[in-house]
Amino acid sequence: MREYKVVVLGSGGVGKSALTVQFVTGSFIEKYDPTIEDFYRKEIEVDSSPSVLEILDTAGTEQFASMRDLYIKNGQGFILVYSLVNQQSFQDIKPMRDQIIRVKRYEKVPMILVGNKVDLEGEREVSYGEGKALAEEWSCPFMETGPMQNSL
């Protein structure tokens, strides 16, 4: 069975764990518990073949940023997550993508840009257009998501 290693990156509090757990288990976790590192496996189908997705949910806090090179080195694909109610988290995602390119030494690394917390529309700080434009600049897919809708 083919295995794919995916790394979820983003600032602290953007909802990386909530997004990952929702994808793997189908349930949304409400409480915020800062992650150091969590690892999940899910059987999926890729090109009509059964496959295993290994998902590494990483720490968003700066104190664990030094571990990021290792995550990136071992990852095959990346989910870059920002909170659409936090402009700074959107800015923080750009150097993370630069770091992926630097570590991988390759411009066309598989990645997707995700604007999370669409359920908090009234507090939005990052427009859909801003996220879409950044994804187009990076030539990667883009989506916005929130609890139990448009999940990865």
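Residues numbered from 1 in each chain as written. Predicted model: local features only at pLDDT ≥ 70, side-chain atom pairs only at ≥ 80, totals over all residues. Heavy atoms only, no water.

## Considerations on the pairing of strand 4 (residues 77-83)
With 7 of 7 residues buried, strand 4 is to be regarded as a mostly interior element. Alternating residues of strand 4 divide into Gly77, Ile79, Val81 and Ser83 and Phe78, Leu80 and Tyr82, and every residue in both groups is buried. With 4 bridges connecting them, strand 1 (residues 2-9) and strand 4 associate as parallel partners. Residue pairing across strands places Val7 opposite Phe78, the latter belonging to strand 4. As paired strands, strand 4 and strand 5 (residues 111-116) are joined by 6 bridges and run parallel to one another. Considered in strand 5, the bridge of Phe78 is made with Met111. In terms of handedness, the path from strand 4 via helix 3 (residues 87-104) over to strand 5 forms a crossover that is right-handed. (Buried < 20%, exposed > 50% of the residue type's maximum accessible area, 1.4 Å probe, protein only. Helix = DSSP H or I, 4+ residues; strand = E, 2+ residues; numbered from the N terminus. Pairing = 2+ DSSP bridges. Right-handed = clockwise from strand over helix to strand, strands pointing away.)

## Examining the nonpolar core
Considering soluble globular proteins, one finds that nonpolar side chains tend to be buried as a cluster. If you look at the biggest cluster of nonpolar residues, it comprises 25 residues, and the most contacted ones within it are Leu9, Phe78, Leu80, Ile100, Met111, Leu113 and Trp138. Broken down by element, this core gets its largest block of residues, 5 residues, from helix 3. Counting residues in hydrophobic clusters, the runner-up holds 14 residues, among them Val24, Leu53, Ile79 and Ile112. (Core = buried A, V, L, I, M, F, W, Y, C linked by side-chain atoms within 4.5 Å.)

## Focus on unusual backbone geometry
If you check the backbone angles, Ser48 has positive phi at about 65° while not being a glycine. Note that Ser48 resides in the loop between strand 2 (37-46) and strand 3 (49-58).

## With respect to the side chain of Arg97
On the secondary structure map, Arg97 appears in helix 3. Take Arg97: its relative accessible area is 9%, and that puts it in the buried class. Sequence-distant contacts of Arg97, that is, excluding residues within four places in its chain, are made with Leu80, Glu107, Met111 and Trp138. (Contact = heavy atoms within 4.5 Å.)

## A few points about the pairing of strand 5
Counting buried positions along strand 5 gives 6 out of 6 residues, so the element sits mostly inside the fold. Residues Met111, Leu113 and Gly115 of strand 5 are buried on one face, and the alternating residues Ile112, Val114 and Asn116, pointing to the opposite face, are buried as well. Taken together, strand 5, helix 4 (residues 128-138) and strand 6 (residues 142-145) constitute a β-α-β crossover, and its handedness is right-handed.

## Observations regarding the packing of aromatic side chains
All chains considered together, the criterion is met by 2 aromatic pairs. Taking 4.8 Å as the distance between ring centres and 65° as the angle between the ring planes, the aromatic pair formed by Tyr82 and Phe90 counts as edge-to-face. By relative accessible area, Tyr82 is classed as buried at 0%. A relative accessible area of 3% places Phe90 in the buried class. Sitting over the face of the ring of Phe23, Lys42 holds its NZ or CZ atom 5.2 Å from the ring centroid. (Phe/Tyr/Trp six-rings, centres within 6.5 Å; stacked < 30°, edge-to-face > 60°. Lys NZ or Arg CZ within 6 Å of the ring centre and 35° of its normal.)

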